[in-house]
Amino acid sequence: MKLLSKILPITLCALLFASCSDDDNTDSLGNNNTGITITNFVATNENYSLLAAALQATGLDDILNNTNTQYTVFAPNNDALSSFLTANGFTNGLADIDTDEEIALVRNILLNHVISGAELKADAVIASAPAYVKNAATGPADFTGDIPNLSTYYAVIDNNVVINGGVTVTTPDAFDANNGIIHAIEEVIGLPTIVTFATADPNFSTLVSALTSLTPATDFASILGRTMGDNSDDIDPPFTVFAPNNDAFSMVDPIPAEAPLTDILLHHVISGANIVSGDLTDGISTTTLNGDITINLPGNDNNPAKITSGNGTMDIDIIAVDVQAWNGVIHVIESVLVP
């Protein structure tokens, strides 16, 4: 995790090189698909008729027909989309999605399945996993009003590529179009929350334990999973979370009892602000859910920034930045903050 913020751009470039250098438009079945776009394929494949209709309803069919850009698409089949719509209250499927707000939401969910500007074939994904990459969906506005793209976390579990800890790629390289690659999935990839990434990434397993089993009196999972404001406790998204990884917690021995641990965990969360790395300025002071912290630029050892915690401990490095969820952003830190 320490080098995550430094290696992601390099990893993505390597993936682009690998996929483009081996791009013969041959899919996993050995079919040559030169001249067929992602939109063409989806529109003519009976397993993706619902996806084709959703792309058309949201205007994404034109985008995925563009041959000037390469795309990686994790394509949910008809059963996956139908189940997702029903589970979310759209009993008549796409026919129930008719307001501008609903259309925008469905569009963003679909974009959460798309990586724009890169054809990431299965061998390149497997070679670089586990890793984060930005997808085409968007999250909450950052501190300056810019709209950041969401992150996707992928890992290899039991020889399968798994997205965001819960969606398995059932057929890698299912179709190699002339403007990208399609990987088949049988579930919809929901818009990720802070909780999604915390539970998906094993580097946060101790943090997850601290937020759940070690602090049962506070429902941290429910709080950090919120996507709506105006909550009665005034703890509203978006959240900025400074997340200690497992190595950070390994330096805390013993881990405090529930009451002081709860205070410590609250000291890592800012509510009501999606503060990405580009928003950080030297000497900025900000208020967490339990006390103030100060951030200085740059950090040590070429890290992007460092934090002074509430108890005055200095030089706590932010070692990876901008894991962007739908309800906030995660920055990884090397030590636990104490208020």
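Our subject is the structure that appears above.
In this report, we go over the structure that sits alongside the text. (Residues numbered from 1 in each chain as written. Predicted model: local features only at pLDDT ≥ 70, side-chain atom pairs only at ≥ 80, totals over all residues. Heavy atoms only, no water.)

1. Some thoughts on the sheet that holds strand E4 (residues 149-157)
Pairing is mixed in the open sheet, where seven strands are placed in the order E2-E1-E7-E6-E5-E4-E3. In this open sheet, the two edge strands, each paired with only one partner strand, are strand E2 (114-116) and strand E3 (131-138). Here the strands of the sheet are splayed against their neighbours by 35° on average, with no regard to which way each runs. The pairing of strand E6 (residues 167-177) with strand E7 (residues 180-185) spans five bridges and is antiparallel. Bridging across to E7, Val 169 finds its partner in Ile 185. Contacting E2 and E3, helix H6 (residues 100-111) runs over the sheet at an angle of about 155° to E3. (Pairing = 2+ DSSP bridges. Helix = DSSP H or I, 4+ residues; strand = E, 2+ residues; numbered from the N terminus. Axes fitted to C-alpha atoms, helices over the stretch in contact; angles between N-to-C directions. Contact = heavy atoms within 4.5 Å.)

2. Quick look at unusual backbone geometry
Geometrically, the link from Ala 129 to Pro 130 is a cis peptide bond, its omega value of -5° lying close to zero. With respect to the helices, strands and loops of the structure, Pro 130 is situated in the loop between helix H7 (122-128) and E3. Here the bond from Asp 253 into Pro 254 is cis, since omega is 0°, no more than 30 degrees from zero. Of note, Pro 254 is situated in the loop between helix H11 (246-250) and helix H12 (258-266). At Asp 158, a residue that is not glycine, the phi angle is positive and equals roughly 50°. Structurally, Asp 158 can be placed in the loop between E4 and strand E5 (160-163). If you check the backbone angles, Asp 230 has positive phi at about 60° while not being a glycine.

3. Side note on the layout of surface pockets
Looking at the second largest pocket, its volume works out to about 160 Å³. Contributing elements (two or more residues each) for the lining of the second largest pocket: helix H5 (78-87) and H6. Counting residues per element, the lining of the second largest pocket draws most heavily on H6, at five residues. Residue composition of the lining of the second largest pocket, grouped by class: nine nonpolar, one polar and one charged. (1 Å grid on protein atoms, 1.4 Å probe; cavity = no way out; pocket = protein on both sides within 12 Å on 5 of 7 lines; lining within 4 Å. Points joined across faces, edges and corners; volume = space filled by probe spheres on them. Nonpolar A, V, L, I, M, F, W, Y, C, P; charged D, E, K, R; others polar.)

4. Things to note about the pattern of salt bridges
Taken as a whole and assessed by the stated rule, the structure comprises three salt bridges. Between Asp 176 and Lys 121 there is a salt bridge, with the nearest N and O atoms lying 3.1 Å from each other. Placement of the pair is Asp 176 in strand E6 and Lys 121 in the loop between E2 and H7, with a sequence separation of 55 residues. Overall, the relative accessible area of 0% leaves Asp 176 in the buried class. The partner of Asp 233 in a salt bridge is Arg 226, with the nearest N and O atoms 2.9 Å apart. Residue Asp 233 is classed as partly exposed on the basis of its relative accessible area of 35%. Residue classification places Arg 226 among the buried positions, given a relative accessible area of 19%. (Salt bridge = Lys/Arg side-chain N within 4 Å of Asp/Glu carboxyl O. Buried < 20%, exposed > 50% of the residue type's maximum accessible area, 1.4 Å probe, protein only.)

5. Structural notes on the pairing of E6
Note that E5 and E6 share two bridges and pair antiparallel. The residue of E6 that forms the bridge with Ile 163 is Val 167. If you look at the hairpin formed by E5 and E6, you'll find three residues sitting between the two strands, and Asn 164 has a positive phi there, around 50°. Hairpin connection from E6 to E7: two residues lie between these consecutive antiparallel strands.

6. Thoughts on the side chain of Lys 121
The buried category is assigned to Lys 121, whose relative accessible area is 7%. Among the polar contacts listed, one links the side chain of Lys 121 to the side chain of Asp 176, at a separation of 3.1 Å. (Polar contact = N/O pair within 3.5 Å; in protein donor to acceptor, adjacent residues only side chain to side chain.)

7. Observations regarding empty space enclosed by the protein
Within this structure, the stated rule accounts for seven cavities of 30 Å³ or more. Looking at the largest cavity, its volume works out to about 110 Å³. Lining the largest cavity are 14 residues, with Leu 207, Leu 211, Leu 224, Val 241 and Ala 243 sitting closest to its centre. When contributions to the lining of the largest cavity are tallied by element, the ones reaching two or more residues are helix H8 (194-200), helix H9 (205-211) and strand E8 (239-244). Among the elements that take part in the lining of the largest cavity, E8 stands out by supplying four residues, more than any other. Class assignment of the residues belonging to the lining of the largest cavity gives a composition of 13 nonpolar, one polar and no charged. Roughly 60 Å³ of volume is contained in the second largest cavity. As for the second largest cavity, its lining consists of Ile 38, Val 42, Leu 51, Leu 55, Leu 64, Val 73, Phe 74, Pro 76, Leu 110, His 113 and Val 114. Of all the elements in the fold, those that place two or more residues in the lining of the second largest cavity are helix H2 (38-44), helix H3 (49-58) and strand E1 (71-76). The greatest single-element share of the lining of the second largest cavity, amounting to three residues, is contributed by E1.

Without other data, these values stay purely geometric and don't point to any function.
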